[in-house]
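Commentary on secondary and tertiary structure
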Protein chains: 2
Amino acid sequence: MGKKVEVCFSPALYNLYDTNNSIVVVVDILRATSVICTMFMNGVKEVIPVRDIDEAKRLKNEGYIVVAERDGKKLDFADFGNSPFFFTEKIVKNKLLVYSTTNGTNAITIGQNSKQIIIGSFLNFQAVVDYLIKQNENVLLLCAGWKDKFNIEDTIYCGAIAEKLLKNNSFDSICDSVQISIELWKLAENDILGFIEKAAQYNRLKKMGYDNVIPYCHTFNKTNIIPVFKNGKLLKL
Amino acid sequence: MGKKVEVCFSPALYNLYDTNNSIVVVVDILRATSVICTMFMNGVKEVIPVRDIDEAKRLKNEGYIVVAERDGKKLDFADFGNSPFFFTEKIVKNKLLVYSTTNGTNAITIGQNSKQIIIGSFLNFQAVVDYLIKQNENVLLLCAGWKDKFNIEDTIYCGAIAEKLLKNNSFDSICDSVQISIELWKLAENDILGFIEKAAQYNRLKKMGYDNVIPYCHTFNKTNIIPVFKNGKLLKL
């Protein structure tokens, strides 16, 4: 038996997995983990994920730059909403940001009993694959989902990662969610954006006029940086 | 908008769904809901699902016929394990059985706030479809899963049901788990038993020598009976 790969479809199921000896890859393709990878690609120094809106507000009053969104919409007090296009080098280089979103920040912060928590997106896809293969540890791919429900976009990403890991002989899986993520990835891979049109989040973003981020969030390998969550902060690995 | 169809992949996610106005279809293809449909097909009068082993033991001591299994294996004190082949007309006709399994009995008993709880399997597939279309109520397809984790066999069944409901114009869905269940059903439908070989439960049953039940549990329309859970008991609808 090699190291174990598992996929968890919801933060609400996270406690079913024994992650003490696992690297947890947090996945929120539309949009948190794509946004975070973009921030680091453009030179942010640290990102503090905050689950609670009041805490984000308090940090805003202390002078932090705050990115905060609920149900897709920027919160009034925040400096920025959740589009990756806001976070250019000019805006984020060497800065410290506070970040609070509907699903992603929850998923990032629940895995603290694990060996390590890293941030995965299509933007740093190959870097994540290479890193996981090199570490040779058990891997849990954790979908942020939508309000604890299953979502399509995170699942196909997990399928794409799991397929690469299982092709490497040092990984195994007996997890139905891995099998199914890979099946779905195979259905999606030749026309990812077409497949994503089935996703509820595609339709939510489209209704709000934010669907311009969708092709970007499904672009492979724009950066080799892997953000890692440590002592309450996201840092460059 | 028509009535809503949703799929819940785990009993642990059940509380995310608003089911006050929904019919809940409990699904545990390998094996609880297939076994229950078989019991009713062969004339059982009532089945009492019991989550707790001690409670099952107590009922055994009171003289009930007890079917009880954990992790696939019959419990010592029980009269029967969980193979559908045990429950012939000779054994169950007009009888009252107590029933306790790893996943299925939990899924059956958590939905008590819903409008109605019915038991679905391939064995009563068309009867369930016809019934749901006739009721014209919201539908939640609830997978029993494996110890609260996602499983393949329950999911493809949900896809098969959801596909039929959505073809009927009185139902709608905006649920990613419905979309994905249907995609998986389409992958599986031409060779269900081949597809099921990917499932962890297939391998668990095979290891224990119980895989002879798998083709039976994926047989369509052996009965028109729909068991319903009411006041703590399963009865013929």
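Residues numbered from 1 in each chain as written. Chains lettered and ligands numbered in written order. Predicted model: local features only at pLDDT ≥ 70, side-chain atom pairs only at ≥ 80, totals over all residues.

**Description of the overall build of chain A**
A tally of helices and strands in chain A yields 10 helices and 11 strands. For 237 residues, the compact-globule formula gives about 18 Å, and the C-alpha radius of gyration of chain A, at 17 Å, lands near that figure. C-alpha extents for chain A along the principal axes are approximately 50 × 35 × 30 Å. Here chain A, with 237 residues, has 53% of them falling under the buried criterion. Restricting the contact set of chain A to residue pairs at least 6 apart, pairs at least 24 apart contribute 78%. (Helix = DSSP H or I, 4+ residues; strand = E, 2+ residues; numbered from the N terminus. Rg over C-alpha atoms; globule rule 2.2 N^0.38 Å. Buried ≥ 20, exposed ≤ 12 C-beta atoms within 10 Å, placed from the backbone. Contact = placed C-beta atoms within 7 Å.)

**Considerations on the confidence of the model for chain A**
Low-pLDDT portions of the prediction should not be read for the details of their coordinates. In the predicted model, chain A carries a mean pLDDT of 95, and the fraction of residues at 70 or more is 100%. As a predicted assembly, this complex carries a pTM of 0.95 together with an ipTM value of 0.93. (pLDDT = per-residue confidence, 0-100.)

**Brief notes about the relation of the copies chain B and chain A**
In screw terms, the move from chain B to chain A is a rotation of 180 degrees and a rise of 0.0 Å along the axis, fitting with an RMSD of 0.0 Å. The symmetry that links the two subunits is that of a two-fold axis. A high fraction, 100%, of the interface residues of chain B reappear at the interface in chain A, so the copies pair face to face through one surface. (Least-squares fit on C-alpha atoms with pLDDT ≥ 70 in both.)

**What to know about unusual backbone geometry**
Glycine aside, the phi torsion of most residues is negative, and most peptide linkages are trans. With an omega dihedral of 20 degrees, the bond running from leucine 30 of chain A to arginine 31 of chain A counts as a cis peptide bond. One non-glycine residue with positive phi stands out, namely asparagine 94 of chain B, at about 65 degrees. Looking at the element boundaries, asparagine 94 of chain B is found in the loop between α3 (89–92) and β6 (96–100).

**So, the interface of chain B and chain A**
Each partner contributes residues to the interface: chain B has 21 residues there, and chain A has 21 residues. Among the residues forming the side of chain B that touches chain A, the class breakdown is 12 nonpolar, four polar and five charged. (Nonpolar A, V, L, I, M, F, W, Y, C, P; charged D, E, K, R; others polar.)

**Observations concerning the nonpolar core**
Grouped together as the largest cluster of nonpolar side chains are 162 residues, with contacts concentrated most on Val25 and Leu142 of chain A together with Leu142 of chain B. Setting aside residues no more than four positions away along its own chain, valine 25 of chain A makes contact with Ile118, Gly120, Val128, Val139, Leu141, Leu142 and Ile161 of chain A. (Core = buried A, V, L, I, M, F, W, Y, C linked by C-beta atoms within 7 Å.)

**Notes on the packing of helix α6 (residues 152–167) of chain B against helix α7 (residues 176–188) of chain B**
Residue and element names in this part refer to chain B. It is at 7 Å that the axes of α6 and α7 come closest, and there the two elements cross at 100 degrees. Between α6 and α7, the angle is such that the two are roughly perpendicular. For the pair formed by α6 and α7, the contact residues are Thr155, Ile156, Cys158, Gly159, Ala160, Ala162 and Glu163 on the first element and Val178, Ser181, Ile182, Leu184, Trp185 and Ala188 on the second. Grouping the amino acids of the contact of α6 with α7 by side-chain chemistry returns nine nonpolar, three polar and one charged. (Axes fitted to C-alpha atoms, helices over the stretch in contact; angles between N-to-C directions. Parallel < 35°, antiparallel > 145°, perpendicular 65-115°, else oblique.)

**As for the environment of isoleucine 196 of chain A**
Residues and elements named next belong to chain A. Relative to the assigned elements, isoleucine 196 resides in helix α8 (residues 192–196). Residues isoleucine 196 and isoleucine 152, 44 residues apart in the sequence, show an inter-C-alpha distance of 7.2 Å. Excluding residues that lie within four positions of it along the chain, isoleucine 196 makes contacts with Ile152, Glu153, Tyr202, Ile214 and His218.

**Regarding α6 of chain B**
The end-to-end C-alpha separation of α6 of chain B is 23 Å, in line with the 22 Å expected for 16 residues at 1.5 Å each. Counting buried residues in α6 of chain B gives 12 out of 16 residues, a clear majority hidden from the surface. (Expected span 1.5 Å × (residues − 1).)

**Comments concerning the pairing of strand β1 (residues 3–8) of chain B**
Residue and element names in this part refer to chain B. Burial analysis of β1 places five of its six residues in the buried class, the great majority of the element. Sheet analysis places β1 next to strand β9 (residues 171–172), joined by two bridges and oriented parallel. Bridge assignment links lysine 3 to a residue of β9, and that residue is phenylalanine 171. Relative to strand β8 (residues 138–143), β1 runs parallel, the two sharing four bridges. Across the sheet, residue valine 7 finds its bridge partner in β8, namely leucine 141. (Pairing = 2+ DSSP bridges.)

**Structural notes on the packing of helix α5 (residues 125–135) of chain A against helix α6 (residues 152–167) of chain A**
Residue and element names in this part refer to chain A. Packing of α5 against α6 brings their axes to within 10 Å, and their N-to-C directions diverge by 40 degrees. Overall, the two elements α5 and α6 adopt an arrangement that is oblique. Judged by the twist between their axes, the crossing of α5 over α6 is right-handed. Residues Val128, Val129, Leu132 and Ile133 of α5 touch α6, and the partners they reach there are Ile161, Lys164 and Leu165. When its residues are assigned to classes, the contact of α5 with α6 shows six nonpolar, no polar and one charged. (Left-handed = near helix turned anticlockwise from the far one by under 90°.)

**Some points on helix α5 (residues 125–135) of chain B**
Residues and elements named next belong to chain B. All of the buried residues along α5 are Phe125, Val128 and Leu132. Each buried residue of α5 sits inside an arc of 65 degrees when the element is viewed along its axis, so together they form one side. Of the surrounding elements, those touching the buried residues of α5 are β2 (22–27), β7 (116–120), β8 and α6. Remark: asparagine 136 follows α5 within two positions and exhibits a positive phi of approximately 55 degrees. (Arc of directions from axis to C-beta.)

**A closer look at the pairing of strand β3 (residues 46–49) of chain B**
Residues and elements named next belong to chain B. Residues of β3 alternate between two faces, with Val47 and Pro49 buried on one and Glu46 and Ile48 left unburied on the opposite face. Two elements, β3 and β6, share four bridges in a ladder whose sense is parallel. Bridge pairing links valine 47 to leucine 97 in β6.

**Description of the environment of alanine 78 of chain A**
Residue and element names in this part refer to chain A. Within the secondary structure, alanine 78 sits in the loop between β5 (73–74) and α3 (89–92). Since 22 C-beta atoms lie within 10 Å of it, alanine 78 is described here as buried. Through-space distance from the C-alpha of alanine 78 to that of isoleucine 110 is 23 Å; in sequence the pair is 32 residues apart. Not counting the four nearest positions on each side in its chain, alanine 78 is found in contact with Val66, Val67 and Ala68.

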